[in-house]
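Per-entry structural report
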Amino acid sequence: MLVATLAASSAGVFAADPEAGRRKSEPCAKCHGADGNATIAGTPSLAGQPTFFTHWQLIKFRDGRRKDAQMSPFAANLSDEDMADLAAFYAAQRPRARSSAIDPAKAAAGRELVTRHHCASCHTPTLAGQKQVPRLAGQDLQYLLKLLRGFKAQTASDLDGTMTMAAQPLTVDEIENVAHYCASLRP
Amino acid sequence: MQRSLVIAVSALLLGAVTLWLIPAQAQQPTPPPSWKQGQPPSLADSSLAPIPQPPAPTPASEIPVNKIKLPPGFKAELWASGISNARTMTWGDKGTLFVGSRVAGNVYAVVDKGGSREVKTIAKGLNLPNGLAFRNGTLYIAEISRISKMEGIEDKLDSPPELLTVYDTLPKDLPHGWKYLAFGPDGKLYFNIGAPCNICMPPDTHANISRVNPDGTGFEYFAHGVRNSVGFDWHPVTRELYFATHGRDWLGDDSPSDRLDVAPKKGLHFGYPFCHQGDTLDPEFGKGRSCNDYVKPLLKTGPHVAGNGVMFYTGSMFPPEYKNRAFLAQRGSWNRAEKVGYRVMMVTLDGSGKVAKYEPFAQGWLQGQEIWGRPVYTQMMKDGSLLVSDDYAGAIYRVSYSR
C-alpha cells in the first residue's frame, strides 16, 4: 500500500491537460505567438515541440540552470503541473515555417553536415524532434544560430552534455550552414 | 600542486604524457558526439540512442510494483513516489533519507512519518547533483565540478541552509561528469571523475576514482583507468573498495562487459581506454598494449547493463546467507538491440574474496522490451529491509523478508 504525502514544493504527479495549457499560455503569446508560432526573429517557436523537451526547458529556466533576460521571469513561478499543461498544449499545435532569410548555398552545404554528424539519430530523420530532443525543422534561423554557437562554446545549458558534445566538431562556418539547412526545412 | 602530482603518477603508469595535456576534445579534429564515438561505420544508421528521462515522475497509481520479482519470502512495496529522477540515497543521523538526482537538478529529503512519507525538495537547480554523503550532521553534495555541504540540515529541512563549498576545482565536463560520493573507512570522501567521452584518451585529470578530506584538503587520485564508476562500497570485513564500472559503447551487443572491481590499494590501473573487461584490447587505443598490464575485473557483470549501485548487505532481516553479499543495481542498457539489465543482482564472495555466485535478486522493471522503471541504487533501512531507487519512475521501493 502506498502512503506517500507530498509537500507542496516537491515534484507533483498529475495528468497533463492541454486545454488548461492553452489558458496558461496567454502571457507567453506576445513573444511565442498564440499557437506557439513566434514571428519575432531570435524567439523560438514552440508549436509541435515534443512535450518532454518543452517541459525540461521550463524546469531549467525556473531553476536558473538556463537563463534569458526575456524568458526567465515567465518561468520563475510555474508549477510542475503548469509546465506539463503548457508542454501538452504546445505539442498539439501545428508548427508553421518562419520567415527566415535562407541562403540556399549555405543550406545545401548544411544538409551534408547534418548527415555527417548524425544529427538525425537524436533529432529524427525529418529533424522533427522526439522526447527530450527538439524539432529543428523550420525553426527561426537567428535562434538556431544563437543556440548552436552556445553549445559549441559550452555555454548553452544542456541537460546532461549530449548536445554540447554533438556541437563540438562544428566550425563557425559549419554552424552557419547547418542552421540555414535546419531553418530551410518545412516544419 | 595536484596537477604535477597527477602528471608524475600518470607518466609512470601509462607513458603518453604529452597527449594528456591536451583537453580530450582537442585531440581529434572532428570527434563525433561523445556517445557516438567509436561507433563502427556499420552502425552509422543505428537508431539506438540514450533513453530519455521523463520530466515528471510516474503517478503512484501507475507504478506496477507487483511486477517486481524477488526470491521466495521477499516482498516489494512502493515506499515513496513523486521524487523526480530519484537516484542516490543516504541516511541522516536523525532518520531523514536524503535523495539525489541527475538531470532533475534536485536534492530531496524524505521524512518517514510512521506509515507515510513526506518528500521535501531541499535544493534545486544544481548541476547533476548525483553524489550524496552524510556525516556528523552535515550533508555533502557532489555536482559536476563541485563538492559542497549543508550543515545541520536535518534540523532545517523546511529552510535549508546555504550550500558551502568544500572542493570546487574539479573538471567541468558534463559527459560522465556526474558523481557518486561516499565516505571511505578512512573518513575521506571518495568520488569518480569519469572519462569525458565514450572512448578517447582521457586527459590526466579524468577516468579515475579520487578522494579528498571532508574539509577540502588532501585531494588525490585513488584508482586509474576507470571509465566511469557511479557506485561503490567497502567490504564490511576487509574494508576494501568494490566498485562498478560502465563499459564503453558501440563495440556490439555483447561486448564489452560492464565490471565489478576491487581496489585493495591506491594507484592501480583498471585498463580504460586500452583494455576492456580485462581481456579485450580496444580496437583503437589498445594498439601496442597488453591486457596483462592492467587489473582484471573481479566479475564481468554483463554487456551494457549499466551497473550503478554497489552495496554490501549488513542487516539482520534477510536470511543469514545474505550477510556481506553485495547488491548491484543495474539501470539497464540503451546501446544494445535487445535490452538487458533493469534489475538488482547479488554477488556472493567466498572466503578468499572470489565470486562464488552472481544471481538476480530483483527484476521485472523490463517487460519484454518495454521498461517502466530503472533501478539505480540500493540502501538499507535500520530494520534490515532494502530500499531501491528508480530514477525513471521517480520512486523508491522497500523490499522486506519474512519467513
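Parameters at a glance
Residue indices follow the written sequence of each chain, beginning from 1 at its first position. Written order determines the labels here, with chains lettered from A and ligands numbered from 1. A pLDDT threshold of at least 70 governs which residues receive local features in this predicted model, and a stricter bar of 80 or more applies before side-chain atom pairs are shown or counted, although totals over entire chains, interfaces and linings include all residues. Excluded from the side-chain calculations are hydrogens and water; all other atoms, namely the structure's heavy atoms, are used. Helix and strand labels come from DSSP, where a helix needs a run of H or I of at least four residues and a strand needs a run of E of at least two; each type is numbered from the N terminus. Here's how the labels work: a residue is buried when its accessible area is under 20% of the maximum for its type, exposed when over 50%, partly exposed in between, all with a 1.4 Å probe on protein chains only. Throughout, a contact is declared for two residues whenever any of their heavy atoms are within 4.5 Å. Note on areas: these come from Shrake-Rupley sampling with a 1.4 Å probe, and a residue is covered only by the protein chains present in the view. Cysteine sulfur pairs qualify as disulfides if the two atoms are within 2.5 Å. Simply put, an axis is a line fit to the C-alpha atoms, just over the touching stretch for a helix, and the angle between two N-to-C directions goes from 0 to 180 degrees. An angle below 35 degrees is read as roughly parallel, one above 145 as roughly antiparallel, one from 65 to 115 as roughly perpendicular, and any other as oblique. What makes a crossing left-handed is the near helix being turned counterclockwise from the far one by less than a right angle; a clockwise turn instead makes it right-handed. Classification convention: Asp, Glu, Lys, Arg as charged; Ala, Val, Leu, Ile, Met, Phe, Trp, Tyr, Cys, Pro as nonpolar; all other residues, Gly among them, as polar. At least two DSSP bridges between two strands are required for those strands to pair. Domain segmentation is taken from an automatic or database assignment of domains. The salt bridge definition used is simple: a Lys or Arg side-chain nitrogen within 4 Å of an Asp or Glu carboxyl oxygen. Side-chain atoms alone can form a polar contact between residues adjacent in sequence; in general such a contact is a pair of N or O atoms within 3.5 Å, and within protein one must be able to donate a hydrogen while the other accepts it. The length a helix should cover is 1.5 Å for every residue beyond the first.

**What to know about the overall build of chain B**
- Secondary structure assignment for chain B yields 2 helices and 29 strands.
- Evaluated residue by residue, chain B yields a buried proportion of 64% over its 403 residues.
- Counted over contacts in chain B with a minimum sequence separation of 6, partners at least 24 positions apart contribute 55%.
- By element, 51% of the accessible surface of chain B is carried by carbon and sulfur atoms, the whole surface being about 14,900 Å².

**What about the state of the cysteines?**
- Per the stated rule, a full pass over the model turns up 1 disulfide over all chains.
- Each sulfur of the disulfide joining B:C275 and B:C291 lies 2.1 Å from the other. Linking B:C275 and B:C291, the disulfide has an S-S dihedral of approximately 105 degrees and is accordingly described as right-handed. Within this pair, whereas B:C275 is found in strand β18 (residues 275–276), its partner B:C291 is found in the loop between β19 (280–281) and β20 (299–303), the two being separated by 16 residues in sequence. Per residue, the accessibility class of B:C275 equals that of B:C291, and both read buried.
- No disulfide involves A:C31; its sulfur sits 8.8 Å from that of A:C28, the nearest cysteine.
- Considering cysteine sulfurs only, A:C119 is the nearest to A:C122, which forms no disulfide, with 9.0 Å between them.

**Overview of the packing of helix α8 (residues 141–152) of chain A against helix α10 (residues 172–184) of chain A**
Residue and element names in this part refer to chain A.
- One way to put it is that α8 packs onto α10 with a least axis distance of 9 Å and a crossing angle of 140 degrees. If you check the angle between α8 and α10, you find them oblique. As α8 runs across α10, the sense of the crossing is right-handed. On α10, the residues touching L141, L144, L145, L148, R149 and K152 of α8 are I175, E176, V178, A179, H180, C182 and A183.
- In terms of residue class, the contact of α8 with α10 is made up of 9 nonpolar, 1 polar and 3 charged.

**Structural notes on the sheet that holds strand β27 (residues 375–380) of chain B**
Residues and elements named next belong to chain B.
- Pairing is antiparallel across the open sheet formed by 4 strands, whose spatial order is β1-β29-β28-β27. If you trace the sheet from one side to the other, it starts and ends with β1 (74–80) and β27, each paired once. Across the sheet, the mean angle from the axis of one strand to that of its neighbour is 25 degrees, orientation sign disregarded.
- Note that β1 and strand β29 (residues 395–401) share 6 bridges and pair antiparallel. Residue pairing across strands places K75 opposite S400, the latter belonging to β29.

**Some remarks on the sheet that holds strand β10 (residues 181–183) of chain B**
All names here are of chain B.
- The mixed open sheet is built from 5 strands, whose spatial order is β10-β11-β12-β13-β17. Pairing within the sheet leaves two strands with one partner each, and these edge strands are β10 and β17 (268–269).
- Summarising the sheet, strand β13 (residues 220–224) and β17 pair through 2 bridges and their orientation is parallel. When the sheet's bridge partners are listed, A223 is paired in β17 with L268.

**Points about the domain arrangement of chain A**
Residue and element names in this part refer to chain A.
- Parsing chain A into structural domains produces domain 1 (13–91) and domain 2 (104–184).
- Linking domain 1 with domain 2 are 1 salt bridge.
- Across the pair D68 and K146 runs a salt bridge, and its minimum N-O distance is 3.6 Å.
- For the pair domain 1 and domain 2, the interface holds 8 residue pairs in polar contact (both at pLDDT 80 or more).
- Residue classes in the side of domain 1 that touches domain 2 are distributed as 7 nonpolar, 5 polar and 4 charged.

**A closer look at the pattern of salt bridges**
Residues and elements named next belong to chain B.
- With the rule as written, the count across this model stands at 30 salt bridges over all chains.
- Among the salt bridges present, the one from K300 reaches D279, with a minimum N-O distance of 2.6 Å. In this pair, K300 is assigned in strand β20 and D279 in the loop between β18 and β19, connecting sequence segments 21 residues apart.
- You can call D279 partly exposed: its relative accessible area is 43%.
- Ionic contacts of the salt-bridge type, sharing partners, join the residues K113, E118, K120 and D158 into one network.

**Comments concerning α10(A)**
Residue and element names in this part refer to chain A.
- Its 13 residues place the ends of α10 19 Å apart at the C-alpha level, agreeing with the 18 Å of an ideal helix rising 1.5 Å per residue.
- Of all 13 residues that make up α10, 10 are buried, and the element is covered over most of its length.
- Inspection of α10 places E174, I175, E176, N177, V178, A179, H180, Y181, C182 and A183 among the buried residues, and these make up the whole buried set.
- Each element contacted by the buried residues of α10 is listed here: α6 (104–116) and α8.

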